[in-house]
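What follows is the residue order along each chain.
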Amino acid sequence: MPRTLSATADEAVLVPETLRMFLRYLHQTGLADPTGEPLADLEGAVTKASAEFPAVMADEDNFGVAKYWVMTAARKGIEPSDHEALNAFFAEVSEGRHSYDAELLDRLVARQFTEQTERAFPQPAVSLPVDSELADAAEASLIVTQLRKLVDWVGDGRALTSTGNLKLADASDLVSLLGTGDVLEWDGGDKVYPVRSSADLPHLAIVFELAKRTRVVRVVKGKLVRVAKAAPLVKNALELWAAAFDALPSRGLLVKQSGWAPGYAQLLDENLDIVLPDVLNSIYGMPEPIPVVRLAESVWLACIEHAYFDLEPSTEPLWRDGLALEFRRLLDKLAEIGAVELTVGPPDPMYSMDLVPENPELPPDVQDRIRHALDVPSVDLVALTPLATRAVRERLLREGRVAPLVGDLAEAAPAPMLSTLVGHYTAETAAAEVSGWLAAHGGREPGLPVLLDAIRESPFRTLASDMLEVLADSLPDGDALISDLRTDPALGPIATRVLIDSGELDFGEVDDRERLLGMTEQFLVLLEAAGLEGASETLSALPDGELAGLREAVLHSGHPDQVGLAELAEVFEQFEPSRKAHPLGGLARSRTTKGKKRRS
């Protein structure tokens, strides 16, 4: 708010209590994320921030550029809501007729360009094995075994070369001890050439670097020594694996090569800290393995976007293909440490659905290459292992991202649980979450009525419909449940509309009562989704002779949502001859749902 909200000091005083009211509203209506902090903690945070809020709100260094100019106009007596006067003021500023703090404005403009952020999309819910299974997988992983052996080998300390590398004799021992598979010498034709430095042993170099970056060893006065405080980490295989995984997206690690390297390899290496997290995020939570070619094209686009040079048209295909090979080698290394699973099989059609001209993120030539590459019986596929899924999720949570885990909602209140499924869960993960929730609440017989009551009590028609659909889709007999609910006093209109929308019920099969309730339900949904103007616009298109009959039928339909009917009554009132203006300034219950789940 200090950055964007243009408000006087008197207006700003109202902000903390307004926020507190909004938080209470979210919890009261079941819209609050059940995995978030308790309401009492949130209100405590508001109270704590309230003390310094007025000063922070008034500090011009916290302003955004737009707010700076609006507040400057306000100080000169211009009402911000008077758009005509505000535009006239901006025109006068452009003509140099008003003074302003140029240094301050320069700082605000610079910050606007350097601190631009976009809200990240919520990640889909994922399922994970229990911690004991994950720990067993970590115990069996190559990288954990190698790091532990390296720590034991270091013992009381090992001297390094003057350049900070392992001595060649020590490196030779470690290649055998750790099983890195590095070649210590190669046949040059005329003679055999031994490696001259441990840096020429790429697999060992990675383990050595990871050991330092996970802080299980460190360099002190030219010696490699163990870090005593890291002993608990070394013993905990799961956390040791996660620490090594978190150290991977760093330049000069996975594609590190000594001496000369192709330009495309250097390009990937220079952008590894940017592209690898994006790659892992892209794979995370996907229901089917992703074709490697799709990821390779995205990595190529990301790398050339950050490149400081332009490629000749004749050279670009060579670099692109070379970088794709380096990327595949990167995936091989990730598979070796247990982060990804590489398979071969037919590409899922979902990875071709966005290859359309309307997609602005993929240029036409890129789409053509991907389409051609996927038009084969089988391709290379990649998916995250459970270990990597856990590690990626932990990183997303540290970044403040939404990353649901199946099982997290087992103890949640029924309404927040169902509404969360609507927004962030696939059909499979929603079914698993509902199953876990029912098990935690005594099973289906006592649990299902509680969930249905939560839907009945929802103040939002669209949300209630979405919750009912996601619940039905999560149960093996969901279709029968929806059909049985047609006679339910509260859920009947929703059930009927769901069945008609899905094609499971023909409109001609319903009786007059259900038809009337269904029509009323549609108007209530319209009122919620489109708001006052949308509902008014729809009604205004009807002939005057039909409005009176429609009003009578809808308002006396017996629909259970009495609050919604009262709001519809006020909408109808504007069309009465005696009404000159619409009585409502807004609609408090209006709610728009995006990505609405439909039954198939």
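This is a predicted model, so every value here is computed, not measured. (Residues numbered from 1 in each chain as written. Predicted model: local features only at pLDDT ≥ 70, side-chain atom pairs only at ≥ 80, totals over all residues. Heavy atoms only, no water.)

Observations regarding the side chain of Gln146
Assignment of secondary structure puts Gln146 in helix α9 (residues 142-154). Sequence-distant contacts of Gln146, that is, excluding residues within four places in its chain, are made with Leu178, Gly179, Thr180 and Val207. (Helix = DSSP H or I, 4+ residues; strand = E, 2+ residues; numbered from the N terminus. Contact = heavy atoms within 4.5 Å.)

Points about the confidence of the model for the protein
Predicted confidence across the protein gives a mean pLDDT of 88, with 93% of residues reaching 70 or more. Within the model, pLDDT remains below 50 along residues 579-600, and this stretch shows 55 contacts once partners closer than five positions in the same chain are excluded. (pLDDT = per-residue confidence, 0-100.)

Side note on the pattern of salt bridges
Following the criterion strictly, the structure yields 30 salt bridges and no others. The salt bridge partner of Glu95 is Arg97, with a shortest N-O separation of 3.2 Å. Comparing Glu95 with Arg97, the two get one shared label, exposed. The partner of Arg497 in a salt bridge is Asp501, and the shortest N-O contact between them spans 3.3 Å. Of this pair, Arg497 and Asp501 both sit in helix α25 (residues 492-501), separated by 4 residues, roughly a single helical turn. What makes Arg497 buried here is its relative accessible area of 11%. Here Asp501 falls in the partly exposed class, since its relative accessible area comes to 42%. Within this structure, Glu17, Arg20, Arg24 and Glu43 form a network of salt bridges that share partners. (Salt bridge = Lys/Arg side-chain N within 4 Å of Asp/Glu carboxyl O. Buried < 20%, exposed > 50% of the residue type's maximum accessible area, 1.4 Å probe, protein only.)

Overview of the packing of aromatic side chains
According to the stated counting rule, one finds 6 aromatic pairs in the structure shown. Measuring from ring centre to ring centre gives 5.8 Å for Phe89 and Phe90, while their planes differ by 55°; the resulting arrangement is tilted. Taking the relative accessible area as the measure of exposure, Phe90 reaches 28% and is therefore partly exposed. Relative to Trp319, the ring of Tyr264 has its centre 6.4 Å away and its plane inclined at 85°; by these criteria the two rings are edge-to-face. Of this pair, Tyr264 sits in helix α14 (residues 263-270) while Trp319 sits in helix α17 (residues 316-336); the two residues are 55 residues apart in sequence, bridging distant segments of the chain. Using a relative accessible area of 23% as the deciding quantity, one classes Tyr264 as partly exposed. Positioned over the ring face of Trp153 is Arg158, at 4.1 Å from the centre of the ring. (Phe/Tyr/Trp six-rings, centres within 6.5 Å; stacked < 30°, edge-to-face > 60°. Lys NZ or Arg CZ within 6 Å of the ring centre and 35° of its normal.)

As for the sheet that holds strand β1 (residues 158-159)
Taking strand neighbours across the sheet as the criterion, the 3 strands line up as β1-β5-β4 in an open arrangement whose pairing is antiparallel. Each edge of the open sheet is held by one strand with a lone partner, namely β1 and β4 (217-220). Bridge count for β1 against strand β5 (residues 223-226) is 2 bridges, and the pairing is antiparallel. Looking across to β5, one finds that Ala159 is bridged to Lys223. The sheet strands contacting α9 are β1, β4 and β5, and the helix crosses β5 at an angle near 110°. (Pairing = 2+ DSSP bridges. Axes fitted to C-alpha atoms, helices over the stretch in contact; angles between N-to-C directions.)

Structural notes on the environment of Glu341
Structurally, Glu341 can be placed in strand β7 (residues 340-345). According to the relative accessible area criterion, Glu341 is partly exposed, its value standing at 43%.

Overview of empty space enclosed by the protein
A full pass over the atoms with the stated rule returns 2 cavities of 30 Å³ or more. Roughly 50 Å³ of internal volume is contained in the largest cavity. Secondary-structure elements contributing two or more residues to the lining of the largest cavity are α9, α11 (202-213) and α17. Element by element, the count of residues in the lining of the largest cavity is highest for α11, at 3 residues. Grouping the constituent residues of the lining of the largest cavity by class yields 4 nonpolar, 3 polar and 2 charged. The calculated volume of the second largest cavity comes to roughly 30 Å³. Arg486, Gly492, Pro493, Thr496, Arg513, Glu514, Leu517 and Gly518 together form the lining of the second largest cavity. Considering each element in turn, the lining of the second largest cavity owes the most residues, 4 residues, to helix α26 (residues 512-540). Here the lining of the second largest cavity is built from residues that sort into 2 nonpolar, 3 polar and 3 charged. (1 Å grid on protein atoms, 1.4 Å probe; cavity = no way out; pocket = protein on both sides within 12 Å on 5 of 7 lines; lining within 4 Å. Points joined across faces, edges and corners; volume = space filled by probe spheres on them. Nonpolar A, V, L, I, M, F, W, Y, C, P; charged D, E, K, R; others polar.)

Focus: the packing of helix α20 (residues 414-424) against helix α22 (residues 444-456)
For the pair α20 and α22, interaxial distance at closest approach is 8 Å and the crossing angle is 80°. In terms of orientation, α20 lies roughly perpendicular with respect to α22. Packed against α20, whose contacting residues are Pro414, Ala415, Met417 and Leu418, the element α22 presents Val450, Leu451, Ala454 and Ile455 at the interface. A breakdown of the residues in the contact of α20 with α22 according to their chemical character gives 8 nonpolar, no polar and no charged. (Parallel < 35°, antiparallel > 145°, perpendicular 65-115°, else oblique.)

What about the side chain of Glu521?
When you line up the elements, Glu521 lands in helix α26. Here the side chain of Glu521 touches Arg461 through a polar contact of 2.9 Å, side chain to side chain. (Polar contact = N/O pair within 3.5 Å; in protein donor to acceptor, adjacent residues only side chain to side chain.)

So, the layout of surface pockets
The volume enclosed by the largest pocket comes to roughly 1,700 Å³. If you trace the largest pocket, you find 37 residues lining it, with Phe121, Asp278, Asn281, Ser282 and Glu361 closest to the centre. Elements with a contribution of two residues or more to the lining of the largest pocket: α15 (272-283) and α16 (292-305). For the lining of the largest pocket, the per-class residue count stands at 19 nonpolar, 8 polar and 10 charged.

Some points on a nonpolar patch on the surface
On the surface, Leu19, Phe22 and Tyr25 cluster together into a nonpolar patch covering about 280 Å² of accessible area. With respect to the secondary-structure elements, Phe22 resides in helix α2 (residues 15-28). Taking relative accessible area as the criterion, Phe22 reaches 45% and is therefore assigned partly exposed. (Patch = residues over 30% accessible without salt bridge, like charges linked within 9 Å, V, L, I, M, F, W, Y side chains within 5 Å. Areas by Shrake-Rupley, 256 points an atom, 1.4 Å probe, with all protein chains shown as cover.)

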